Each structure stands twice: as structure tokens, then as C-alpha cells.
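Read off the chains here:
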2 protein chains.
Amino acid sequence: MLNAAILASGNGSNAQRMFDLTAAGTLSMNIRLVLCNRPGARVLERARQAGLPSLCLDHTTFPDREHFDRAMIAAIREAGADTIVLAGFMRMLTPEFLHAFPGRVINIHPALLPSFPGVHGSADANAYGVKISGCTVHFVDEIMDHGAVIAQAAVPHLDGEDADALQQRIHTMEHRIYPQALQWLAENRLVLEGRHIRLLPGNRPLATPPDNALVWPPLEAGF
Amino acid sequence: MLNAAILASGNGSNAQRMFDLTAAGTLSMNIRLVLCNRPGARVLERARQAGLPSLCLDHTTFPDREHFDRAMIAAIREAGADTIVLAGFMRMLTPEFLHAFPGRVINIHPALLPSFPGVHGSADANAYGVKISGCTVHFVDEIMDHGAVIAQAAVPHLDGEDADALQQRIHTMEHRIYPQALQWLAENRLVLEGRHIRLLPGNRPLATPPDNALVWPPLEAGF
């Protein structure tokens, strides 16, 4: 079982999906803490409704990023978590934070990295005029949206579709590949070889591949 | 019918596919000239075997890029071509060349642009450790691998697969989406709106979507 702290800043739709899949037993993860940097963010209400421990640390009340990250490190350790799941957490993490949880900080980005890093991934993809976009689950390193890639999903960008509609289609795949990637981590099936992550074989049958999308590695049943 | 000059530098597998599909009548394109900058390149032999007019202009015999491109422009006009199909042509084109054929120069790149531009697209994708790569058909502008995107195909990068094996899987999709994109151009179905290309509806039924790949817009029968 993973002992996870979920870090989020806003709506928390990826967090909600993890609440649901851990409650269902599909995702082998104890959610020890839901940590949010924005008072009033919907993810805090979602955590309360799910009966999960949550904490708001308002980053604007800290003198600098280092003090804020140290408070997060302390809260996460106090909660007994060692795996950090970034789910729409809109703050860069300090090297000190990453060193506190080496190889245990995971993020999802709404683009097919290395295309469209940064905070406007799906809007940038829309502006560029790509025909295929997607999302990427990756380990976090000290460069934004740069670490080793665990899983990706590609989706079409329909003619005339705006950035919001594209983002919705991408979100749908985020909600599948992110819990799946965490489950692989929980099962110790992710082997890091340089920047390459090899997935060790498991016992679960594969899910039916989604229509009009490409997911790799393939999703397993339940995800 | 398009009146095309195919520009290539090497093996010419994309060119061969176009020879075959024009001969079969699937691709509405007259190949007026196959133009190569490297003496002895296999694409020249392929053109001869297909009975197509070919010309080798060895770029090393020209004083500079401008003179070389002017010789190409003259040869292309002389052949009666107005659409330039880059098929593994390993030379940057001058602004003068692009202005000679405005909006009529098309390229394929072995990556999901804007990821991995440049001459080592599929090797760079392999080195990065992406789980999904692919290829992109685009109009050429004055920035390398940057113009408006016509079609893309996404393919998985299998665990342990080397750059050559990935490149082969990408090539297979290149051979489908490049002729398809040219056929859309031949049918005047590509509408440029800023950087966005809208595909007008056609009469042909869709092809069965390929296994383990995502192509967008969807391929039509024959491609």
C-alpha cells in the first residue's frame, strides 16, 4: 500500500477519482493527507466529504517558498505519508522538498510532454493547432514538467473544439492513467533505467482500450 | 490533381509509397519530378524503376544555399510542379524557396510536434523516454518543423525498444498519414484558420482505425 499525501490547489477532480478508487479497493493507497495551498478550494470540501484528513496551508502566509515547503514536509511526515501525489498543485516545489521524498513525487500534466510544459498545457496545445494532444504521468524532478515518464494518453483535438472542450477530453484520460500509474507504483512494478521507466508484468488482465485514444502502457482492468 | 515535386535525400520509403498510391489512383497526384540532393541516394533508383522523372542536384556543388534553392525552384517550375512534398529531404529551405511556392510546401516529421523537432526526432523521443511518440504532417514555414499541422499519428513506445524499432513503427504510420494528407490537399479540403487547419467533409468512408495507434483526423478508405 502507498501512503500518500495528495497535494492540490483547486477543484480536485483527479483527487476525487483517487478518493473513489481507494475507497473501492482498486487503488492500493492510503490517503494520509489531502494538502491544499488555497483556502476555500473545492478539493478541501471533497476531502471532508470523503472523510479524509485534510490541511490547508495558505502559501501567502509564509515568508518564502522554502518556509512553505518546510511546513508541507513536516505536515506530510506527521501524517505518515511518503508518496506525494500532485493533483493540480499549482506551486513549484523546492529542491529541499524533492530531496525529502526522493523518487516519490508524482505529477500529471495535461499535455504529451515534452510538448507544452508549464501551467497552460492544454490551452497551449489548442493555440498551436495540434491534431493530437493528451496527458502525461511523470516523476517530478527539479525541472518543471521534465521528469521520467510513467504513462501517457493521446487524444484527438477535434476541429473547431475550444481549449475547454479539449481539456475535458484530456481530463477523462487523466482520471484513468493517473490512478493506474499509482497502482503500478504501489505494486513496485516501475523500474527506472536512466530516464526510461520499464513496467514489470502484473497479473491483472488488460482493460478494453478506450475508443479514440491511445494509452501507453495499456490500462489494466479497473482503470 | 496535385502537380507535385517530391524532394528526398535518402532511402525514399515515403516517396515509394506515393509512387504506389498515385499509380493505383488512390492519391490524386501527378508526380512531375523527384528531386534529390545526394548522388546515389536510393530514392533516385526508386524513381527510375517507377518510370518517373528524376533529377539530382548535388548541393555540395553550389556556392551557397541560395544558389542551390534557385536551381531547385527552376527545375520544379520547368517540370510543371506547384506542390512541394518533402519526403526525408535533409536540407533547410530558404525563404526565397518558400515564397516561390506559398502554402504549397508540405513535410512529414517523425515525432508528435512540437515535441522533438530537428533531424533526430525519433532518436530524441527514444532518449527522452516518452511512452507515446508519432509523426506529424505539416505545412512548412520559415521555422524548422513549426508550420500548421495537417495530421498526426500517435504510436506507443514499447519497453526496451530501441530507436530503430520505434522509428520503424513511426514509419508505418507516416506511410498512411502523409498520402492521406496530400489527398485532402488535392481535394481542396484543408482550410487554414490561423495555425489551425480545418478538414472539410468528404465522401469517402473512413478506414478501420489502426490497432495500437491514434490517427487524427481519421484515415479514409485506401489510406
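One can find the structure itself at the top, above this paragraph.
All of these numbers come straight from a predicted model, not from anything done at the bench.

(A) Main features of the pattern of salt bridges. All names here are of chain A. Under the counting rule described, the total for this entry stands at 18 salt bridges over all chains. The partner of K131 in a salt bridge is D159, and the shortest N-O contact between them spans 3.5 Å. Remark: D159 occurs in the loop between β7 (149–156) and α6 (163–186) and K131 occurs in the loop between α5 (121–128) and β6 (132–139); sequence separation between them is 28 residues. Classification of D159 as partly exposed rests on a relative accessible area of 33%. Salt-bridge contacts for E161 lead to R169; the nearest nitrogen and oxygen are separated by 2.4 Å. Residue E161 is classed as buried on the basis of its relative accessible area, which comes to 13%. Each of E187, R189, R204 and E220 takes part in salt bridges that share partners, so that together they form one network.

(B) A look at the interface of chain B and chain A. Taken together, the 35 residues of chain B in the interface contact 35 residues of chain A. By the criterion of area lost to chain A, the three top residues of chain B are Y128(B), K131(B) and W216(B), representing 27% of everything that side buries. Between the two partners, chain B and chain A, sit zero salt bridges. Where chain B touches chain A, the interface holds 15 residue pairs in polar contact (both at pLDDT 80 or more). Residue assignment for the side of chain B that touches chain A shows that the elements contributing at least two residues are α5 (121–128), β7 (149–156), β9 (196–199) and β10 (214–216) of chain B. Here the side of chain B that touches chain A gets eight residues from one element, more than from any other, and that element is β7(B). A per-class count over the side of chain B that touches chain A returns 22 nonpolar, eight polar and five charged.

Definitions and limits used
- Residues numbered from 1 in each chain as written.
- Chains lettered and ligands numbered in written order.
- Predicted model: local features only at pLDDT ≥ 70, side-chain atom pairs only at ≥ 80, totals over all residues.
- Heavy atoms only, no water.
- Salt bridge = Lys/Arg side-chain N within 4 Å of Asp/Glu carboxyl O.
- Helix = DSSP H or I, 4+ residues; strand = E, 2+ residues; numbered from the N terminus.
- Buried < 20%, exposed > 50% of the residue type's maximum accessible area, 1.4 Å probe, protein only.
- Contact = heavy atoms within 4.5 Å.
- Buried area = accessible area lost by both parts, 1.4 Å probe.
- Polar contact = N/O pair within 3.5 Å; in protein donor to acceptor, adjacent residues only side chain to side chain.
- Nonpolar A, V, L, I, M, F, W, Y, C, P; charged D, E, K, R; others polar.

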